[in-house]
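So the chains spell out like this:
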Amino acid sequence: MGWLSPQAAQAQPQQAAALPPLTTTNVVVLRNEGALLPLPRLDTLRLATIKMPPATGREAIDFSAHLQQDVADYVAADFVNGLPALAAARLRSRNLLLLVLPDGGLQDRLALQQALKLGKKLVVLLFDSTALARLPELPQSTAVVLARQRTVQACSQAIQVVFGGVGAAGQLAPTLTVPAGLAAGQPTRGGLRLAYGTPVAAGLRPTLPALVDSLMRKALAGNAFPGGEVMVVRHGVVALRRSYGVLQAADPAAPVLNTTLYDFASLTKVTAALPTLMLLQDRGLFGPDYTLGALFDFLKGSNKQDLRLRDVLTHQARLRAFIPFWQQYVNPDGRPNPQFLRPDSSARFPLPVAAGLWARRDMPALLYQGIAASPLNAKPGYVYSDLSFMLYPYYVQKATGRPFDQFITQQLYAPLGATTLGFNPEHRFATPRIAPTEYDSLFRHQLVRGTVHDEGAALLGGVSGHAGLFGAANDLAKLVQLYLWQGRYGGQQLIKAETMAAYTHCQFCPDNRRALGFDKPDPQNPALNAARGASPRSYGHTGFTGTYFWVEPDLDLFVILLANRVNPTRRNNRLGELGVRSALLQLAIESAQP
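This one's a predicted model, so the numbers in the text were calculated from it and none came from an experiment.

Caption draft 1: Spatial organisation of the packing of aromatic side chains. Throughout the structure, instances matching the rule amount to 19 aromatic pairs. Following the ring pairs from residue to residue traces out a cluster consisting of F296, F298, Y368, F389, Y392, Y394 and Y395. Directly above the ring of F389 sits K269, whose terminal nitrogen or CZ lies 5.8 Å from the centroid.

Set out below in structure tokens:
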């Protein structure tokens, strides 16, 4: 396979350190001007991939058939088949071109010449070493990468080298003449971003995929959800990434794909609100020992002004679990009250609640006032609460001058290349790509798809800190890998390592299992929310719609399950009753054992 992965992966100790990054001899980097590869800043990258077709009759199988998806796994990019004159206009707004040349024939040389004329940074990907003599313009490129085998796997590995998931260690054969301006092979770094490999390459047992398949088949047969996606990642290597079932029970012809977007529900707390607070803490704008009154003017003088964020984020500040705000804005017949909700958008009603339903501009202020006026729980102790997370977007705007959703996208999701993570996905993606959640017969009177399932987040226009984030599993994996890599990803320290360590540490054990925002294993019953084999250092979170991730730092491992168990109704509790999430994590933990 060309991997130089350490064979000791089969004998990992319980306290597993991260293995050296995967390296492949299948890929040779012949030129790398200015150490462009692996590509650095994805948030400033405007990439176009240009794929030239092979010469007629040359290829029985298109070994670059998955090229577009291989690139999209790392970053959103324009994709061009061939290089017609019209395409050149599309490419002028790009700042880097990836030109894929299958055989180095005449049309490949013409494409290379035309691409060079655009004056962009140019990475050329080749699949035939004999093409070096037929492409004298290659040294004018910024980088030249050769995949030594004409296979789908070698093409994927070459893209992983370009983005730093895998390191290149290939060398040209000594018998080959290296043209001036090129090298026989320049090593590049791996382990900067996710790699995509096999369970064995990730230090897991080869039986894991079959076991996960069996688990998911049982979950589908037990009606735990219509469909879902699973990812298992170890040592930065995606060892398993599979989708199962269909998007909704009512449409068995629409399968779940690895590009399907899910409503994260309460995963939003730890994938949007919490990383934002960590970013603000790194800038001196937040801390766990701040009080709610210091953050929110409208809480000054209330029963919440002196509540410490350390208690709030660990859900022991006596805040109510939630408030069903939507009930205040419907008429006795269950229809939306037109004083607050209208079927058409306007300057006065600009906030999208659902298809054909818009909320009044001051709706967030009304909800904030409702939170301020709410009583505290009579007894101290742990009560999981949404309320503070609904407020954090207000503070982000106040502290940074930027809306919450824009801030987290610019500061975190864009550098990660996690371009599907975001709010109100119906504005950016086609509806068929988004998994539907519930048919809401009480408030919105429709199948909820592309807008947030949670009613409170819907009233806030789909943007909140407690719910509202959507995304694909692969992009969620980038964020979770950032957590496991102590705030570092793509060669950038995006969140300070000490901040990550503080937020994933249990704050009040043994009385309260929670870290700052993150969940931790229940000491009496780890399988309740994690798995029986989960370590005390592990952490993660669940989402009401059927979403889940869990990190095992001791094994350098995490799992993701995205599903829509609330389709067609939230009354479906089979996901929890069958223990699917716990079983998935346990399978991964056992697979990592010697």
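Caption draft 2: Up close: the sheet that holds strand 15 (residues 351–354). Spatial strand order, 14-16-15: three strands in an open sheet with antiparallel pairing. Two strands bound the open sheet, and with one partner strand each, they are strand 14 (341–342) and strand 15. Judged from the three bridges that link them, strand 15 and strand 16 (residues 357–359) form a sheet pairing that is antiparallel. What sits directly across from L351, in strand 16, is A359.

Caption draft 3: Region of interest: the pattern of salt bridges. Applying the stated rule across the entire model yields 24 salt bridges. Put simply, R360 and D362 hold a salt bridge, and the shortest N to O gap is 2.7 Å. On the basis of relative accessibility, which here comes to 12%, the residue R360 falls in the buried class. Judged by relative accessible area, D362 falls into the partly exposed class, the value being 30%. Linking D519 and R513 is a salt bridge whose minimum nitrogen-to-oxygen distance equals 2.8 Å. Pair check on accessibility: D519 and R513 agree, each one buried. The network of salt bridges with common partners includes D289, R308, R310 and D311.

Caption draft 4: Molecular detail of the environment of E137. Within the fold, E137 resides in the loop between strand 6 (121–126) and strand 7 (143–147). E137 sits 25 residues away from L112 along the chain, and the two C-alpha atoms are 7.4 Å apart. Residues contacting E137, with those up to four places away along its chain left out, are R109, L112, Q113 and L116. Separated by 2.9 Å, the side chains of E137 and Q113 make a polar contact.

Caption draft 5: Region of interest: the pairing of strand 10 (residues 227–234). Burial within strand 10 is extensive, with eight of its eight residues counted as buried. Residues G227, E229, M231 and V233 of strand 10 are buried on one face, and the alternating residues G228, V230, V232 and R234, pointing to the opposite face, are buried as well. With eight bridges connecting them, strand 10 and strand 11 (residues 237–248) associate as antiparallel partners. In the strand pairing of strand 11, G227 is matched with G245. Where strand 10 and strand 25 (residues 557–563) come together, seven bridges link them in antiparallel fashion. Bridged to E229 within strand 25 is L562.

Caption draft 6: Highlighting the environment of S93. As for its placement among the helices and strands, S93 is situated in the loop between helix 2 (85–91) and strand 5 (96–101). C-alpha of S93 to C-alpha of I434: the two residues are 341 residues apart in sequence and 29 Å apart in space. Contact partners of S93, with chain neighbours within four places excluded, come to R46 and K120. Within the structure, S93 has its side chain in polar contact with the side chain of R94 (distance 3.4 Å).

Caption draft 7: Fine view of the sheet that holds strand 7. Sheet architecture is open: six strands sit in the order 2-7-6-5-3-4, paired in mixed fashion. Two strands close off the open sheet at either side, each with one partner strand: strand 2 (27–32) and strand 4 (78–81). On average, adjacent strands in this sheet sit at an angle of 15° to one another, irrespective of strand direction. Where strand 5 and strand 6 come together, six bridges link them in parallel fashion. Across the sheet, residue L98 finds its bridge partner in strand 6, namely V123. Contacts from helix 3 (residues 106–117) reach strand 5 and strand 6 within the one sheet, and its direction differs from that of strand 5 by about 175°. Each of strand 2, strand 3 (47–51), strand 5, strand 6 and strand 7 is contacted by helix 4 (residues 152–163), which is oriented at about 40° to strand 2, the strand it contacts most.

Caption draft 8: Just the side chain of D128, in detail. Tracing the chain through its elements places D128 in the loop between strand 6 and strand 7. Exposure remark for D128: the relative accessible area of 13% places this residue in the buried category. Here T130 takes part through its side chain, which lies 2.6 Å from a polar atom of the side chain of D128.

Caption draft 9: How the structure looks around the layout of surface pockets. Of the pockets and cavities examined, the second largest pocket occupies roughly 550 Å³. Looking at the lining of the second largest pocket, the elements with two or more residues in it are helix 1 (67–72), helix 4 and strand 11. Taken together, the residues of the lining of the second largest pocket break down into 10 nonpolar, 10 polar and four charged.

Caption draft 10: Examining the nonpolar core more closely. In terms of nonpolar packing, the biggest core is built from 168 residues, with F163 and L313 touching the most fellow members. Here this core takes nine residues from helix 6 (residues 267–282), the largest share from any one element. When near neighbours in sequence (up to four residues on either side) are disregarded, L313 contacts L274, L277, F286, F389, Y392, Y503, A515, L516 and G517. Membership of the second largest hydrophobic core comes to 28 residues, among which are V28, A115, L132 and L138.

What counts as what
- Residues numbered from 1 in each chain as written.
- Predicted model: local features only at pLDDT ≥ 70, side-chain atom pairs only at ≥ 80, totals over all residues.
- Heavy atoms only, no water.
- Phe/Tyr/Trp six-rings, centres within 6.5 Å; stacked < 30°, edge-to-face > 60°.
- Lys NZ or Arg CZ within 6 Å of the ring centre and 35° of its normal.
- Pairing = 2+ DSSP bridges.
- Helix = DSSP H or I, 4+ residues; strand = E, 2+ residues; numbered from the N terminus.
- Salt bridge = Lys/Arg side-chain N within 4 Å of Asp/Glu carboxyl O.
- Buried < 20%, exposed > 50% of the residue type's maximum accessible area, 1.4 Å probe, protein only.
- Contact = heavy atoms within 4.5 Å.
- Polar contact = N/O pair within 3.5 Å; in protein donor to acceptor, adjacent residues only side chain to side chain.
- Axes fitted to C-alpha atoms, helices over the stretch in contact; angles between N-to-C directions.
- 1 Å grid on protein atoms, 1.4 Å probe; cavity = no way out; pocket = protein on both sides within 12 Å on 5 of 7 lines; lining within 4 Å.
- Points joined across faces, edges and corners; volume = space filled by probe spheres on them.
- Nonpolar A, V, L, I, M, F, W, Y, C, P; charged D, E, K, R; others polar.
- Core = buried A, V, L, I, M, F, W, Y, C linked by side-chain atoms within 4.5 Å.

Any functional reading would require information beyond the geometric quantities listed.
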